[in-house]
Amino acid sequence: DQQVKQNSPSLSVQEGRISILNCDYTNSMFDYFLWYKKYPAEGPTFLISISSIKDKNEDGRFTVFLNKSAKHLSLHIVPSQPGDSAVYFCAASDFTGANSKLTFGKGITLSVRP
Amino acid sequence: GAGVSQSPSNKVTEKGKDVELRCDPISGHTALYWYRQSLGQGLEFLIYFQGNSAPDKSGLPSDRFSAERTGGSVSTLTIQRTQQEDSAVYLCASSSRLSGRGFSNYGYTFGSGTRLTVV
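Anyway, here's the lowdown on the structure attached to this text. (Residues numbered from 1 in each chain as written. Chains lettered and ligands numbered in written order. Predicted model: local features only at pLDDT ≥ 70, side-chain atom pairs only at ≥ 80, totals over all residues. Heavy atoms only, no water.)

1. Overview of unusual backbone geometry
Note the following rule: Each helix is a run of H or I in the DSSP string that is no shorter than four residues. Each strand is a run of E no shorter than two, and both are numbered from the N terminus.
Of note, the bond from A:V78 into A:P79 is cis; its omega dihedral lies within 30 degrees of zero at -5°. Mapped onto the elements, A:P79 comes out in the loop between β8 (72–77) and β9 (86–93). Residue B:P8 follows B:S7 across a cis peptide bond; omega there is -10°. By the secondary structure assignment, B:P8 is in the loop between β1 (5–7) and β2 (10–13). Notably, B:R81 is not glycine yet its phi reads approximately 45°, a positive angle. If you trace the backbone, B:R81 turns up in the loop between β8 (75–79) and β9 (88–95).

2. Concerning the layout of surface pockets
Formally: Residues are said to line a cavity or pocket when one of their atoms sits within 4 Å of a point; the points come from a 1 Å grid over protein atoms alone, cavities being sets where a 1.4 Å probe fits but cannot get out and pockets being open sets with protein on both sides within 12 Å along at least five of seven lines. Grid points are joined across faces, edges and corners, and a volume is the space filled by probe spheres set on the points. Any residue that is not Ala, Val, Leu, Ile, Met, Phe, Trp, Tyr, Cys, Pro, Asp, Glu, Lys or Arg is counted as polar, Gly included; the first ten are nonpolar and the last four charged.
Roughly 520 Å³ of volume is contained in the largest pocket. As for the largest pocket, its lining consists of 25 residues, and the residues nearest its centre are A:K38, B:Q37, B:L39, B:V89 and B:R115. Elements supplying a minimum of two residues to the lining of the largest pocket: β9 of chain A together with β9 and β11 (114–118) of chain B. Here the element with the most residues in the lining of the largest pocket is β11(B); it accounts for 3 residues. Across the lining of the largest pocket, the residue classes break down as 9 nonpolar, 12 polar and 4 charged. Among the elements of the structure, β10 (103–104) of chain A together with β4 (31–37) and β5 (43–50) of chain B are those that each provide at least two residues to the lining of the second largest pocket. Of the residues forming the lining of the second largest pocket, the biggest block, 3 residues, is contributed by β5(B). Looking at side-chain class alone, the lining of the second largest pocket contains 6 nonpolar, 8 polar and 4 charged residues.

In structure tokens:
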């Protein structure tokens, strides 16, 4: 039972254009959401996060949007750069749990073409 | 150490053999997590440690899987009688807080993983 869904396995965009990576979740208890980036043979690294009390969080070229009513979030990267090519994981958790376990989606492979 | 260290980085084993995977968390991190990523799948939660105890083992796929943590530091994930479906990248993460509250990144730092191949 996938509680965090990344339905598009891959995305290819031209350098300089916007990349939009989507994520849906089913657990209404989730109240904190994160995006991780993973290069081959490396562990995932934190990119950006958002609390459920907000609908937008921006950090440089990266912006995460949250639509709680739709249980949907998206990561926007603009402008996209070749170095952004990686696998992006959406993750979610709820603060009610004592162990702060993160639930991850399957990931989206982003390719940015020069 | 400066980061989360996992060993070995790669392991090829024969079906039916036992394997041990090691995770050395960031010094002082009290929480430790094991995840695995099978081909085409997301990161699947296996087990969580707070100190030396494991309050959440719900992700362990079968009783062939076990994990321990000693001295509130190093953790070992053991897979007995390995099967081909156990082939995956096993990732360890550590965190300095019981809860992610107060940390924008939830405090998670991942290691580079152990790629396990069962032949």
